[in-house]
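Structural overview
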Amino acid sequence: MPYKIRSLWFFILLLFLIGWGRTSAAASSQPPFPNQIQAVSAAAHWLVTTHQNSDGGYSSFSTGANIAPSDISGTLDAILALGSAGYDVRLPYPGHTASPVDFLAANRDALLTYAQQDGSSAGKLILGLLATHQDPRTFAGHDFVALLEEQLDSQGSYNSSTPYQQALAILGLSGAKVTIPDTALLWLADRQSQENGLAGSWDDGFGTNGNSDATALSIMALIAGGMPSDDPIIEDALAFLAATQTESGGWEYGPGFGANANSTGLVIQALHAAGLRFTDPAGAWRPADISPLDYLLNSQSGSGAFTIDFGSGPVDDFYATVQALPALAGQSWPLKSHRLAVQMAVSCLQTLQDPATGGWESFAGFGVDAGGTSRAIQALAAAGENPTDYVVNGINAVQALENLTPDYVAAGRGGRVGTIMQGVAAAGGNITDFAGLDLYLTLTSHISPTGELDDTSFGVFSHSRALLGAIAAGYGDEAALEPAIGFLLAAAVDYDWGGADSNGIALQVLGPLNLAQPEMLKPIRASQLADGGWGYDVTSPSSTAEVVRGLIAVGENPFTPAWSVIMDGRLVNPAQAVLAAQGENGCWPNLYGPGDDPFATTDGILLLTSQPRVWGAAAPTAIEPISAEATPLPTATAETIAETAPTTVPEATAPTTITTTEPAPGRPTPTPVSDDVAAEAGSGRSRTWIIVLVVFLAAGGVGAYLAYNRK
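Throughout what follows, the structure given in this document is the object of discussion. What you are looking at is a predicted structure, and each value in this text was computed from that prediction instead of being measured.

A look at the overall build of the protein
- Along its length, the protein carries 28 helices and 12 strands.
- Relative to its full complement of 711 residues, the protein shows a buried share of 58%.
- Intrachain contacts of the protein at a sequence separation of at least 6 include 71% that bridge at least 24 residues.

Here it is in structure tokens:
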């Protein structure tokens, strides 16, 4: 069968799956989960537990795990959904032996074939790799960014035939920090409709005019490509979406299709990309006093999935869920990649290296010292760099540390020694013979009769730094350190060491020693700021890094919904809070003066290179329905997170004694609700002829699709 005919048949199948068969406007009147955080978590768990194949991949339009072979496109759909929710898909889900990244890595040839199909495939692949914190320029031995750039033709098209395809290509390259040529943006902008009643929209390229999906994706792509959100092209597109929002709060695939979770999800992502607020009860985007987010929450079933309705009532659906989940988490494309942010930060950190000594300052303007140099070495090593490659004036970073260490150590106590030990250990140096010192013996010489390793008049931070140095160097279980560990444990008041920094670094010490307790998480959760991080009034990269690394040390995953806050309908985790403060040059700015802050920059790198050892908290369960007339529950706010976020349950292998299995404080354990509780949705069309037509077209489409994939 010719390629175009196969593509048309497949599109017809796709159209019915995402149009006629999607969630209708009359979604369930009551959300099955008490807040947005638990709704996101439930959807993510449903995807993995019911649809991930044993090889770690997913099949397109999956009907269940291991029913159909995994493919690249379906796996990328799942990766983008799970990555939007903050889950690290490099990690296997509990009870699974492979992750989605494992599947991609094991199919390098199929990846290349997929990326070569057209610009949208390559763009989608790059978006997925960024969501997994992989480098799309090197993954599986291929440079997918260069491959996509090579597809640009003289007209500005990335081998694209539709606006949707062009938008995906632009989004992928934008996420990879590629400057988008004006011709590529113009190719997309020129296809915006000016027709009366459709003005501001894009079509899907297959005859559906006024297509909300293509319009939403085009908005995201143009903004990501550098077009300001107040450009008339964007404003016209937003005006079209405002005019076509249904009374249900959602959007249709096209005129007459009926609102659905897929289209509504893409539009929500576009609204976030444009910086628009739509969760304010007194604000815009609320026809019949129902917001787009309300519609989406009402479209979720008690299993966590989003549903489609072919005429016989709503059923859980893979494709509806992967398209709705990013919007439910409040994320637009492209997602910010930890990997690329670290690469930028490392490049900027190199510019802060002192040209005379080869070292770094601890704080901007305070002079080069061994402490700042050790921190830079730790950050470089965490980023996969060799610190000895960073050479100025004939002195590499490790040599600079060795030169600066004697004076630095002589002027302090155990905290300074511990800082040096961490840098030496990160660089693979000799702890017992560095700069003429046996650093471990020097450290233990500072233990006081009461067990203190440093002055604790203002807290245990320096004391904990000393212990971290010993742990990094492999001395954590030495009997000589038992008094110091005992002092740290005794210094807490109600499991609180007096601030986010001290609490975070204490957990970094106690986690590897299996001495952490569940109650130690309470002051950390209570001190989380409304913007998702930790610090004083605003998120500090340093304070947040200490907490994040501490949480990981005790078996938590701080990037999942359980440790996120909600800001204007967006889930914001600690990493996202820190990424929002990163400068254009890659460094984090000095919060207390001019210039870049080496302390915050090294901490930013250490935070973003930290990888949890566990997938995340257990799946939440749905609440019992109240009544068919119940109004949608309000969206959770930052103030409610401490009471509603599910508590993470570390896996048995995590080096910690925390084994909390209780529900979040203040909330009784909810009970599941069956799928048939949701109100049956209908678009007013005759169900019989829809079913017949869908079955007929699906049969032809599946046959064509399978024939195409055998080629």
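Having seen the model, we can carry on.
Details of the packing of aromatic side chains
- Scanning the entire structure with this criterion turns up 10 aromatic pairs.
- Measuring from ring centre to ring centre gives 4.5 Å for Phe-363 and Phe-599, while their planes differ by 15°; the resulting arrangement is stacked. Taken together, the positions of Phe-363 in the loop between β5 (360–361) and β6 (368–369) and Phe-599 in helix α26 (residues 598–608) put the pair 236 residues apart, joining distant regions of the chain.
- Here Phe-363 falls in the partly exposed class, since its relative accessible area comes to 39%.

Things to note about the nonpolar core
- Judged by nonpolar contacts, the single largest core of 101 residues is most densely connected at Leu-82, Leu-104 and Leu-328.
- By residue number, the principal contributor to this core is helix α2 (residues 36–51), which donates 9 residues.
- Look past the residues within four positions of Leu-104 in its chain and what remains in contact with it is Ile-72, Thr-75, Leu-76, Ile-79, Leu-111, Leu-129 and Phe-139.
- Judged by nonpolar contacts, the second largest core, of 71 residues, contains Leu-404, Leu-443, Leu-521 and Trp-588.

Side note on helix α5 (residues 108–115)
- Within the span of α5, buried status applies to Leu-111, Tyr-114 and Ala-115. Looking down the long axis of α5, one finds its buried residues gathered within 95° of arc, a one-sided arrangement. Within α5, the exposed residues directed more than 90 degrees away from the buried face are Asp-109 and Thr-113.
- Contacts from the buried residues of α5 go to α3 (72–84), α4 (100–105), α6 (119–131) and α7 (144–149).

Overview of the state of the cysteines
- Summed over all chains, the structure comprises 1 disulfide.
- Each disulfide pairs two cysteine sulfurs, and for Cys-348 the partner residue is Cys-587, the sulfurs being separated by 2.0 Å. Between Cys-348 and Cys-587 the disulfide shows an S-S torsion of about -110°. By sign, it is left-handed. Of the two residues, Cys-348 is situated in helix α15 (residues 338–351) and Cys-587 in the loop between α25 (574–579) and α26; the sequence distance between them amounts to 239 residues.
- Judged by its relative accessible area of 0%, Cys-587 falls in the buried class.

Here's the deal with α3
- With 13 residues, α3 ought to run about 18 Å at 1.5 Å a step, and its terminal C-alpha atoms sit 18 Å apart, in line with that.
- Counting buried residues along α3, 13 of its 13 residues qualify, which places the element largely inside the surrounding structure.
- Immediately beyond the C-terminal end of α3, within one or two residues, lies Gly-86, with a positive phi of roughly 95°.

Focus: the pairing of strand β4 (residues 314–317)
- The pairing of strand β3 (residues 306–309) with β4 spans 4 bridges and is antiparallel. Each residue of the ladder has a partner; that of Thr-307, found in β4, is Asp-316.
- In this antiparallel pair of consecutive strands, β3 and β4, the connection spans 4 residues, and Gly-311 shows a positive phi of 120°.

Looking at the pattern of salt bridges
- Under the defined criterion, the tally for this structure stands at 7 salt bridges.
- Its salt-bridge partner being Arg-90, residue Asp-88 comes within 2.7 Å of it at the nearest N-O pair.
- Judged by its relative accessible area of 25%, Arg-90 is partly exposed.
- Note that Arg-277 is salt-bridged to Asp-568, the shortest N-O span being 3.2 Å. Taken as a pair, Arg-277 in the loop between α12 (261–273) and α13 (292–298) and Asp-568 in the loop between β11 (565–567) and β12 (570–572) lie far apart in primary sequence, 291 residues in all.
- Several salt bridges share partner residues, and in doing so they unite Arg-286, Asp-289 and Asp-294 into one network.

Regarding a nonpolar patch on the surface
- On the surface, Tyr-536, Val-538, Leu-591 and Tyr-592 cluster together into a nonpolar patch covering about 540 Å² of accessible area.
- For Leu-591, the position within the fold is in the loop between α25 and α26.
- For Leu-591, a relative accessible area of 47% corresponds to the partly exposed category.

What about unusual backbone geometry?
- Look at the link from Trp-333 to Pro-334: it is a cis peptide, with omega at -10°.
- Within the element layout of this structure, Pro-334 appears in the loop between α14 (318–328) and α15.
- Phi is positive for Asn-66, which is not a glycine, with a value near 60°.
- Turning to its location among the elements, Asn-66 is positioned in the loop between α2 and α3.
- The backbone of Tyr-495 shows a phi angle near 65°, a positive value even though the residue is not glycine.
- For Tyr-495, the location among the structural elements is in the loop between α21 (482–491) and α22 (500–510).

What to know about the environment of Glu-556
- If you trace the backbone, Glu-556 turns up in the loop between α24 (541–553) and β11.
- Accessibility expressed as a relative area gives 1% for Glu-556, which makes it buried.
- Remark: the alpha-carbon pair of Glu-556 and Leu-521, spanning 35 residues in sequence, is separated by 9.7 Å.

Thoughts on the environment of Ser-542
- Positionally, Ser-542 belongs in helix α24.
- Overall, Ser-542 belongs to the buried group, its relative accessible area being 10%.
- Remark: the alpha-carbon pair of Ser-542 and Asp-501, spanning 41 residues in sequence, is separated by 7.9 Å.
- If near-sequence neighbours (up to four positions away) are discounted, Ser-542 is found in contact with Asp-501, Phe-599, Ala-600 and Asp-603.

Here is what the cut-offs are and how they apply
- Residues numbered from 1 in each chain as written.
- Predicted model: local features only at pLDDT ≥ 70, side-chain atom pairs only at ≥ 80, totals over all residues.
- Heavy atoms only, no water.
- Helix = DSSP H or I, 4+ residues; strand = E, 2+ residues; numbered from the N terminus.
- Buried < 20%, exposed > 50% of the residue type's maximum accessible area, 1.4 Å probe, protein only.
- Contact = heavy atoms within 4.5 Å.
- Phe/Tyr/Trp six-rings, centres within 6.5 Å; stacked < 30°, edge-to-face > 60°.
- Core = buried A, V, L, I, M, F, W, Y, C linked by side-chain atoms within 4.5 Å.
- Arc of directions from axis to C-beta.
- Disulfide = S-S within 2.5 Å.
- Expected span 1.5 Å × (residues − 1).
- Pairing = 2+ DSSP bridges.
- Salt bridge = Lys/Arg side-chain N within 4 Å of Asp/Glu carboxyl O.
- Patch = residues over 30% accessible without salt bridge, like charges linked within 9 Å, V, L, I, M, F, W, Y side chains within 5 Å.
- Areas by Shrake-Rupley, 256 points an atom, 1.4 Å probe, with all protein chains shown as cover.

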